[in-house]
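Spelled out, the chains give:
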Protein chains: 2
Amino acid sequence: IIIKEQNDPFTGYGKNGFGDKIMLKEWIDAAAKRKKASLVLKNGSYADVFCGVVRKGDIAIENGRIVGIGNYDGEEEIDVSGKVVLPSFIDGHIHIESTQLSPEEFAHLTVPHGTGTIIADPHEITNVCGIQGTEYIAEASRNLPLDVVIQLPSCVPSTAFETSGCVIDGAETAEYLQREYIHGLAEMMNYPGVIYADPDTLQKLEAAIEKGERIDGHAPGLQGDLLNAYLCSGVATDHECVTPEECLEKISKGMYVHLRLGSSTNNIVNKFPAVNAATMRRFLLCTDDKHAVDLMERGHVDDILRLCVANGMDPMWAVTMCTLNPAECYNLKYKGAIAPFYHADIAVVDDLRNFTVRYVFKGGKLVAKDGEALFDTKRRYLPETVLHTVRLKRPLEPSDFVLRLKGDKAHTIGVMEGEVLTKDEVVSVRSENGDVVCENDVLKLAVVERHHGTGNIGLGLLKGIGLKGGAVGITVAHDSHNIILLGDNNADMAAAGNRLAEIGGGMAVCSHGHCDSVRLDIAGLMSSEDAPVHAANSAKLMEKVYALGVDRKYDAFLTLAFMSLAVIPEIKLTDMGLFDVRTFSFMDINA
Amino acid sequence: IIIKEQNDPFTGYGKNGFGDKIMLKEWIDAAAKRKKASLVLKNGSYADVFCGVVRKGDIAIENGRIVGIGNYDGEEEIDVSGKVVLPSFIDGHIHIESTQLSPEEFAHLTVPHGTGTIIADPHEITNVCGIQGTEYIAEASRNLPLDVVIQLPSCVPSTAFETSGCVIDGAETAEYLQREYIHGLAEMMNYPGVIYADPDTLQKLEAAIEKGERIDGHAPGLQGDLLNAYLCSGVATDHECVTPEECLEKISKGMYVHLRLGSSTNNIVNKFPAVNAATMRRFLLCTDDKHAVDLMERGHVDDILRLCVANGMDPMWAVTMCTLNPAECYNLKYKGAIAPFYHADIAVVDDLRNFTVRYVFKGGKLVAKDGEALFDTKRRYLPETVLHTVRLKRPLEPSDFVLRLKGDKAHTIGVMEGEVLTKDEVVSVRSENGDVVCENDVLKLAVVERHHGTGNIGLGLLKGIGLKGGAVGITVAHDSHNIILLGDNNADMAAAGNRLAEIGGGMAVCSHGHCDSVRLDIAGLMSSEDAPVHAANSAKLMEKVYALGVDRKYDAFLTLAFMSLAVIPEIKLTDMGLFDVRTFSFMDINA
């Protein structure tokens, strides 16, 4: 394994660096003013998340920790008058892979937005590369000025109804949970497996419970007795709530609920009625899936804070939901508050309305200023285990995409704006020469297995996105990340699939035989490029998609990426066929 | 070591019994109604501590855990209509020794009051018997229908200014923290040792931090920079706050604050201004020191709940402070709430005003009904290590108590009603034949070393309790538990001390040469008798004290027991002499 060198510019931050060494005497001496603190943030205000108020006071920092609040002088002083000192932000649930960036570049992009910690579920790359994918995220994240808390993916594959790159069973889960870099079991999205007490699923959960690990959940719409059954597995969080009533039932039954603002999920405000003085302590903020472009344009957790406050939430509640609350939920000791003994992971903002981040400190070191990272991430960790991951049985041919129906009514995947949920829509479809004709906004969707060269291809129909005269494809297709293709003609679909195989994974747009593409060289999921380069390439490619008539309210690639996610209702497509999430079984496309 | 037998009637509860075995399939099946739950509490209401409201719903219980809330049928059903189902109560900080009962009898007395868990600091017995005292509490508490969470005492002795039965230094602390029955480091009352960075004290704290253990605090009146310094040691709780402002500063700086209602501490209501919707989550309830008689007459945590609600606190806030909040603070996993997967540690009460406890369940088993324990505690664990612990150099003589002053002004310990704090009061004192004359409510106080036969005797004066014509004495004298004697004549003081030595520890009252006494055979701190017997004996003895003119607003023995506690301001007496807690040094009695 090629590990970043010892003299790596990031060494000195993070898990093994400043702030994690116990230096009681130094801290106590500085707090008691027997010696000057190394750094003092002078003359500012700070968020007291324990009392829910903003207070005045200097913040004294010594050897990685906050040691004093009050009136302090420091060896070094930074004037923060007029600004507010906050604990740096915690993203309560994120798949780094969805940013399409390497962990290094992710940190470079998000730390200047005030992010200090992320709860990272490397679910996507683990479904492609197995535990070596998890390990890659852990290694690439070491010594970044960002705490990457890595959970072990619980659903590899998510369901038995698709072909993933790897399988991690109950026994392997128990084994991997012992690894030093693993903190908790990531979202248990196989809720039917839990509810019906599938032995392999229960083995995973038992192993996590025995080790005392936090178990994240994922249970859209689950309620009543079935929610009780799901919770009896030790699952303790949910980030899939749709309504305030769902939030309240889940909180009432002991769950922490994440309010999520990702690239294709923005339904936070409708859940505000569930947030009150009593329930507030059980809410967390998260992005889950957020693309690099959105991170660049809108920010990270700071973006969620702005949204919450703009929509009337008490700013201190919003701050608490991305600091103290996730620290408690995920047992991040002495993180998430401005208080003595707490890690000096700090974001200084102009105010609690725009949350413009001026300074970011990690373990007491200044790591970003005025939106610019003060560390570089040029060197990347790129082991062979996560490269060259697209393997087809043979090149695709147009005939692979012929879809023969029995009649003229078909179940179609109906796309919903701002949701990863779909609707089962029965539509009238015309066929010619034993193949569906794509018209009236009904398109062909295909999922091509790409890990083991099985030759599996699942075919279905999708409605409501507006594409005409071409095909788009991507190797990001939750959660097994086969090739997913959408088009109105078989030739362009085949061409797009073949282009993706040629470049070792990525995104492609083909129209009348001409293809454009962007590489996602890391597991077919992430680019090793810098964020601006990758974002520019992606934006250029997206324009080619919109040129094919796709409605601009959709991010075609991201929407596409969720159309094979067989754990989110109502219907999805995998490499094995059309899947009904409501009954957790394959369904006939013929209606 | 004599351990209770395997067929002990309690086996099946507690740490190693029901509720701690992971039985996911059984729980899930019962929650999903594929099989009937073993027990259902039907038709009642329950406290939802996550939302701060009371809801309607049946509570289904299976194999030690709550598995469902809603409409459930059970193999066994208990009708709780009109009642409220609560998580059983957690006493956030208690010294069992202060009840003067064995752990077995303590459980027998408190479980019917709804107590499910106590955070126990065996500070007193460890100061007498060393780690064997801690171990005794652990062994005696095994398999009780009560979770006794045992912390390692951090201050053995509390200060270097007294002679304790044992010393546990930093290296030993690090070693003992590894023991299976230890959960956390108990109250660090040596706050000057922390603030001035005493190396041995820091070694103890570092060991606890490294093991990730909760560290309890004890810092009456500490504020500002010195509080910052104290907190920089990892201390995270305080149960000594006096004012609401002190509570708020401590919470603001990250501490959990215990509201305490013990036998001689009842100043909770004055702190209510510090409790609000934001800070509520950081408050806990505790008794700290509460005598058997008070437990019998007023109850345990239920007594605190009644007090809080009677004084206007939201009942759900009060309940949350003794359920969810301490569970979070002390990392008691899946305890402290009525929710699926949570331990079925339950108290069913008539209402949220009187908190009359009807049923108590431990791990889903009915263990108390209508105030009666449904288990017996006749067999006690009584190892030789905690018996016969009073060792004098030689019998005491009246001349041991001669107090010669330089002039006619002396520093006197001023007793305060309802507080363990004292005031330094300078009074005029008359002497005859080179000895103080006890008059005008000024009495002689003596602390006689009783562990190693050193012959140490500390002498002082105490004001404001009303005793005449005799002496009282007790082998409970915080925190080193030497013999403490109070009297107005030397002969009775000597007689009382000698009686205590004869009976192996306890309480004694002597007047004109006649002595009455009650044995505290376990370490000179606790009685192996049943609570009613011990309470009756104690009450009878107390009447003898009141017959000597002691003001009935004081429990003379309990008040006396705190007069040597050299960590609580302002002045105290140890076997080494009069001690000024404000300066943490010995002081001259001559004013």
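Definitions and cut-offs
- Residues numbered from 1 in each chain as written.
- Chains lettered and ligands numbered in written order.
- Predicted model: local features only at pLDDT ≥ 70, side-chain atom pairs only at ≥ 80, totals over all residues.
- Heavy atoms only, no water.
- Helix = DSSP H or I, 4+ residues; strand = E, 2+ residues; numbered from the N terminus.
- Rg over C-alpha atoms; globule rule 2.2 N^0.38 Å.
- Buried < 20%, exposed > 50% of the residue type's maximum accessible area, 1.4 Å probe, protein only.
- Contact = heavy atoms within 4.5 Å.
- Areas by Shrake-Rupley, 256 points an atom, 1.4 Å probe, with all protein chains shown as cover.
- Lys, Arg positive; Asp, Glu negative; His and termini not counted.
- Charge placed at Lys NZ, Arg CZ, Asp CG, Glu CD.
- Core = buried A, V, L, I, M, F, W, Y, C linked by side-chain atoms within 4.5 Å.
- Salt bridge = Lys/Arg side-chain N within 4 Å of Asp/Glu carboxyl O.
- Phe/Tyr/Trp six-rings, centres within 6.5 Å; stacked < 30°, edge-to-face > 60°.
- Lys NZ or Arg CZ within 6 Å of the ring centre and 35° of its normal.
- Least-squares fit on C-alpha atoms with pLDDT ≥ 70 in both.
- Buried area = accessible area lost by both parts, 1.4 Å probe.
- Pairing = 2+ DSSP bridges.
- Axes fitted to C-alpha atoms, helices over the stretch in contact; angles between N-to-C directions.
- Disulfide = S-S within 2.5 Å.

Trainee: Explanation requested: the overall build of chain A in the structure shown.
Mentor: Within chain A, the regular secondary structure consists of 16 helices and 32 strands. By the compact-globule yardstick of 25 Å for 591 residues, chain A fits well, its C-alpha radius of gyration being 24 Å. Expressed along its principal axes, the backbone C-alpha trace of chain A runs to roughly 85 × 50 × 45 Å. Taking all 591 residues of chain A together, the buried fraction comes to 67%. Excluding contacts between residues fewer than 6 apart, the proportion of contacts in chain A whose partners are at least 24 apart in sequence is 70%. Here chain A has roughly 18,800 Å² of accessible surface; of this, 49% comes from carbon and sulfur atoms. Side-chain charges in chain A split into 57 positive and 82 negative, and the spacing between the mean points of these groups amounts to 4 Å.

Trainee: Would you mind going over the nonpolar core with me for this structure?
Mentor: The nonpolar side chains of a soluble globular protein tend to be buried, and buried together. With 381 residues, the main nonpolar core has I125(A), Y230(A), L485(A), I125(B), Y230(B) and L485(B) as its most contacted residues. Once residues lying within four places of it in the same chain are set aside, the contact partners of Y230(B) are M188(B), Y191(B), V194(B), I195(B), G217(B), H218(B), A219(B), L222(B), V235(B) and M255(B).

Trainee: Sorry if this is basic, but what is going on with the side chain of K204(A) here?
Mentor: Residue and element names in this part refer to chain A. With respect to the helices and strands, the residue K204 is situated in helix α7 (residues 199–210). Comment: no salt bridge for buried K204; closest opposite-charge side chain is D200, at 4.1 Å. Setting aside chain neighbours within four positions, we find K204 in contact with S154, C155, V156, I168, D169, G170, T173, L177 and L185.

Trainee: Would you mind going over the packing of aromatic side chains with me for this structure?
Mentor: The description of an aromatic ring pair rests on the distance of the ring centres and on the angle between the ring planes. All chains considered together, the criterion is met by 25 aromatic pairs over all chains. Ring centres 5.9 Å apart and planes at 80° place the aromatic pair F161(B) and F584(B) in the edge-to-face group. Residue F161(B) is found in the loop between β10 (147–150) and α5 (170–176), and its partner F584(B) is found in the loop between β31 (577–580) and β32 (585–586); the two are separated by 423 residues along the sequence. For F161(B), a relative accessible area of 22% corresponds to the partly exposed category. Residue classification places F584(B) among the buried residues on the basis of a relative accessible area of 16%. Measuring from centroid to centroid gives 5.5 Å for Y334(B) and Y342(B), while their planes differ by 80°, and the two rings are edge-to-face. Neither Y334(B) nor Y342(B) differs from the other in exposure class; each is buried. Within the aromatic cluster, the residues linked to one another by ring pairs are F161(A), Y191(A), Y230(A), F579(A), F584(A) and F586(A). The ring of Y72(A) is capped by K33(A), whose NZ or CZ atom sits 4.7 Å from the centre of that ring. Taking NZ or CZ as reference, R282(B) lies 3.9 Å from the ring centre of Y256(B), over its face.

Trainee: Help me understand the relation of the copies chain B and chain A, please; the structure alone is not making it clear to me.
Mentor: The relation between the two copies of this chain is a rotation about an axis and a shift parallel to it. You can overlay chain B on chain A at an RMSD of 0.1 Å; the transform is a turn of 180° with a shift of 0.0 Å along its axis. Here the symmetry operator amounts to a two-fold rotation axis. Of every C-alpha in chain B, the one belonging to A277(B) sits nearest the axis of rotation, 2.9 Å from it.

Trainee: Could you clarify how one ought to interpret the interface of chain B and chain A in this entry?
Mentor: Accessible area lost upon the coming together of the parts serves often as the stated size of an interface. Each side of the interface is counted separately: chain B has 63 residues, and chain A has 63 residues. Taking both partners together, chain B and chain A bury about 4,700 Å²; carbon and sulfur atoms supply 59% of that area. Among the residues of chain B in contact with chain A, F50(B), C232(B) and R281(B) are the three that bury the most area, contributing 15% of the side total. Summed over the shared surface of chain B and chain A, the number is 6 salt bridges. K33(B) is the partner of D225(A) in a salt bridge, and the nearest nitrogen-oxygen pair spans 2.8 Å.

Trainee: Got a minute to help me understand the sheet that holds strand β4 (residues 58–62) of chain B in this structure?
Mentor: Within a sheet, each strand pairs with its neighbour through backbone hydrogen bonds, oriented either parallel or antiparallel. Residues and elements named next belong to chain B. Within the open sheet, the 4 strands sit side by side as β5-β4-β1-β6. Their pairing is mixed. Of all strands in the sheet, those bounded by a partner on one side alone are β5 (65–70) and β6 (74–79). Each neighbouring strand pair of the sheet contributes to a mean axis angle of 25°, computed without reference to strand direction. The sheet contact formed by strand β1 (residues 37–42) and β6 spans 5 bridges and is parallel. When the bridges of β6 are listed, A37 appears paired with G74. Most of the contacts of helix α1 (residues 24–31) go to β5, to which it runs at about 15°, and overall it touches β1, β4 and β5.

Trainee: What am I meant to see in the state of the cysteines here?
Mentor: Joining two cysteines, a disulfide is a covalent bond between their sulfur atoms. For the coordinates displayed, the defined rule picks out 2 disulfides over all chains. Between the sulfur atoms of C510(A) and its disulfide partner C515(A) the distance amounts to 2.0 Å. Residues C510(A) and C515(A) are joined by a disulfide whose S-S torsion is about 110°; by sign, that bridge is right-handed. Relative accessible area serves as the criterion here: at 12%, C515(A) is assigned to the buried category. Here C51(B) is not disulfide-linked; the sulfur of C247(A) is the nearest cysteine sulfur, at 10 Å. Judged by its relative accessible area of 7%, C51(B) is buried. You can see C129(B) has no disulfide; the closest cysteine sulfur is in C166(B), sitting 8.7 Å from it.

Trainee: So what exactly am I meant to see when it comes to the pairing of strand β18 (residues 365–369) of chain B here?
Mentor: The side chains of a regular strand alternate, residue by residue, between the two faces of the sheet. All names here are of chain B. Sheet topology places strand β17 (residues 357–362) next to β18; 4 bridges connect them, and they run antiparallel. Residue pairing across strands places K362 opposite K365, the latter belonging to β18. The loop that links β17 with its antiparallel partner β18 comprises 2 residues; one of these, G363, has a positive phi angle of about 55°. As defined by bridge partners, β18 adjoins strand β19 (residues 372–373) across 2 bridges and the pair is classed as antiparallel. Following the sheet pairing, K369 is matched in β19 by E372. Linking two consecutive strands that pair antiparallel, namely β18 and β19, is a turn of 2 residues; a positive phi of about 50° is found at D370 within it.

Trainee: Explain the sheet that holds strand β16 (residues 346–349) of chain A here, please?
Mentor: Residue and element names in this part refer to chain A. Strand order in the open sheet formed by 7 strands is β3-β2-β7-β16-β17-β18-β19, with mixed pairing between adjacent strands. A strand with exactly one partner marks an edge of an open sheet, and here the two such strands are β3 (53–56) and β19 (372–373). In this structure, strand β2 (residues 45–48) lies alongside strand β7 (residues 84–87), joined through 2 bridges in parallel fashion. The residue of β7 that forms the bridge with Y46 is V85.

Trainee: How should the pattern of salt bridges be read in this particular structure?
Mentor: A pair can form between side chains of opposite charge whenever their charged atoms are brought close. Applying the stated criterion across every chain yields a total of 86 salt bridges over all chains. For K362(B), the salt bridge goes to D147(B), with nearest N and O atoms at 2.9 Å. Remark: D147(B) occurs in strand β10 and K362(B) occurs in strand β17; sequence separation between them is 215 residues. Put simply, K83(A), D350(A), R358(A) and D370(A) are held in one network by salt bridges that share partners.

Trainee: It is not clear to me how unusual backbone geometry should be interpreted in this structure. Could you clarify?
Mentor: Comment: phi is negative for the bulk of residues other than glycine, and the bulk of peptide bonds are trans. Following V156(A), the chain continues to P157(A) via a peptide bond in cis, the omega torsion being 0°. As for its position among the elements, P157(A) is in the loop between β10 (147–150) and α5 (170–176). Of the consecutive residues H478(A) and D479(A), the connecting peptide bond is found in the cis state with omega at -5°. Mapping D479(A) onto the fold places it in the loop between β26 (471–474) and β27 (483–487). A positive phi angle, near 65°, is found at D288(B), a position not held by glycine. One can find D288(B) in the loop between β15 (283–286) and α10 (292–298). A positive phi is found at F584(B), a non-glycine position, where the angle reads about 55°.

Note that every value here comes from positions in space, so none of it alone points to a role or purpose.
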